[in-house]
Amino acid sequence: MEKQVVDGLREVFQSGRSRPLQYRKQQLGALHRLITEHQEDIEQALKQDLNRNTYNTSLFELISIENDIKLAESEMADWAAPRPVKKNLNSALDNVYIKPEPLGVVLIIGTWNYPWAMILQPLVGAIAAGNAAVLKPSELSEHSARLMKELLPLYLDKEMYQVVTGGVPETQELLRQRFDHIFYTGSSMVGKLVMEAAARHLTPVTLELGGKSPCYVDKNCDIAVACRRITWGKFANCGQTCIAPDYILCEPSIQDRIVEEIQKTLLEFYQTDPKSSPDYCRIINTRHFDRVLALMNECTIALGGESDRSQCYIAPTVLKDVLPHFKIMQEEIFGPLLPIVTVNGLSEAIQFINAREKPLALYVFSSDKTVIKRMLAETSSGGVTVNDVLMHYTVDTLPFGGVGNSGMGRYHGKHTFDQLSHHRACLIKSFAMEGLNDARYPPLTAARLRKAKFFMQHRLCSCSGICVWAVIATLLAIGLKDNVP
């Protein structure tokens, strides 16, 4: 079944249907209509999957999808246009440029925590770049997956874009097929399996993974504001966000103050009972509920800790005096638990971060520019936000992606288009000026090599082609003899 889907899409892609920009714009417009005309259906599906309310669905998924569609519609012609490059003297009279071209058939494997954005944002780039696509939503967000499979064929060209649902067997069968690019969002463990499967066909991959994103809170900052922002980013979507602050690093002297400010903020956000708050989500299923709950073993609970397995509910929880060897520090939490690890100053915080896998995001809260500069200069992460959390994700001109264990490749806005395009190197030469080519033809001599080196190593200057023509005219005037250096 999966092979027939991929083969069918490849046949239609090779017909050239998606080459015209007008076709791509039509498909993007149709995708936008799907989002706007079925917003209530999408909200209902996410309510069933994650207990997410209308406002959070718009804030965390639909707005970003719509923004990406509008950006692609307005900028796609520029993105797809040939891109001139600087030339050397050897190619001064040639037409030299980079031409973005569609890759072919792209597989997009989404995840369950943001089941619409993690599929449709890459799809926007795939459509804009002229690709066909197979979409594989996560089976864990089953209501969203079912709705996506139902709606997409009603709006998009079903011979170019198809949704395949199912669990692990269906995903494994898809990964046996040959794609021209695989875009995967999810865990590092599954990311390795995706990359292994892609290697069989030498298929390039984009892996949007995760990891333990640290949050360093310097004692020299507005702790109340810092905790308000951290609390929002950590407990939104019940902590099930790949770039949520995974843990806090701070000096022991401010740990209790941080707990106190988070407590105030939780009361503001979710009132006295987060379980009854319309803004507080649920863990996706009982398997993840059990996994997250088990991470609290060994830990001292400073705030929260309540749970209800029947509702997959775990209260916003802060854990203090967490030690590096605790289980909760060995894997990405992906739930509403916020450990606080104390360190003796900035240098120890940097050392702590660098001793672990490179995270998808890094957060720094400080009013000291020296602290910020050192943290930026001496650590590595996919992205970084200073004095806030998550917000670098919302800037579509910034590339979003991981580094090392947190992923490879990047997307958002033009970066998605570029990631899902082949940047074809093009050089168009005329039959004129054949004499200029003597330096590369046999019989090769030292003099000819010097001339070839001169032409290949000198870049075309920015003062138009006058300088180039002056050099070429001079060389032509003296006949390009072998004794000319």
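First things first, this report covers the structure right here in the doc. (Residues numbered from 1 in each chain as written. Predicted model: local features only at pLDDT ≥ 70, side-chain atom pairs only at ≥ 80, totals over all residues. Heavy atoms only, no water.)

The next point concerns helix α7 (residues 168-175). For α7, the set of buried residues is Thr171, Leu174 and Leu175. Viewed along the axis of α7, the buried residues span an arc of 100°, placing them on a single side of the element. Of the surrounding secondary structure, the elements contacted by the buried residues of α7 are α1 (2-14), β3 (105-109), β4 (132-136), β6 (181-185) and α8 (188-199). (Buried < 20%, exposed > 50% of the residue type's maximum accessible area, 1.4 Å probe, protein only. Helix = DSSP H or I, 4+ residues; strand = E, 2+ residues; numbered from the N terminus. Arc of directions from axis to C-beta. Contact = heavy atoms within 4.5 Å.)

As a further point, take the sheet that holds β6. In spatial order, the strands read β5-β4-β3-β6-β7-β17; together these six strands make up an open sheet with mixed pairing. Each end of this open sheet is capped by a strand with a single partner; those strands are β5 (161-163) and β17 (407-408). Here β4 pairs with β5 via three bridges, running parallel. Its bridge partner lying in β5, Ala133 is registered against Tyr161. Sheet strands in contact with α1 are β3, β4 and β5, and its direction is about 155° off that of β4. (Pairing = 2+ DSSP bridges. Axes fitted to C-alpha atoms, helices over the stretch in contact; angles between N-to-C directions.)

What follows is about the pairing of strand β8 (residues 214-217). Of the two faces of β8, the one carrying Pro214 and Tyr216 and the one carrying Cys215 and Val217 are both buried. The pairing of β8 with strand β9 (residues 247-250) spans three bridges and is classified as parallel. Its bridge partner being in β9, Tyr216 is matched across the sheet by Leu249. Crossover handedness for the path β8 to helix α9 (residues 223-235) to β9: right-handed. Here β8 pairs with strand β15 (residues 361-365) via three bridges, running parallel. Looking at β15, one finds that Tyr216 is bridged to Val364. (Right-handed = clockwise from strand over helix to strand, strands pointing away.)

Bringing the side chain of Ser18 into the picture now. Among the structural elements, Ser18 can be located in the loop between α1 and α2 (21-37). With relative accessibility at 1%, the residue Ser18 sits in the buried group. Here Gly130 takes part through its backbone oxygen, which lies 2.5 Å from a polar atom of the side chain of Ser18. If near-sequence neighbours (up to four positions away) are discounted, Ser18 is found in contact with Phe13, Tyr23, Arg24, Gly130, Asn131 and Met160. (Polar contact = N/O pair within 3.5 Å; in protein donor to acceptor, adjacent residues only side chain to side chain.)

Ranked by size, the top nonpolar core spans 137 residues in total, and within it Leu123, Val217, Ile248, Ile258 and Ile328 carry the most contacts. Counting residues per element, this core draws most heavily on helix α5 (residues 117-128), at nine residues. Once you skip the residues sitting within four places of it in the chain, Ile248 turns out to touch Cys215, Val217, Ile230, Ile258, Ile262, Leu338, Pro339, Ile340 and Val341. (Core = buried A, V, L, I, M, F, W, Y, C linked by side-chain atoms within 4.5 Å.)

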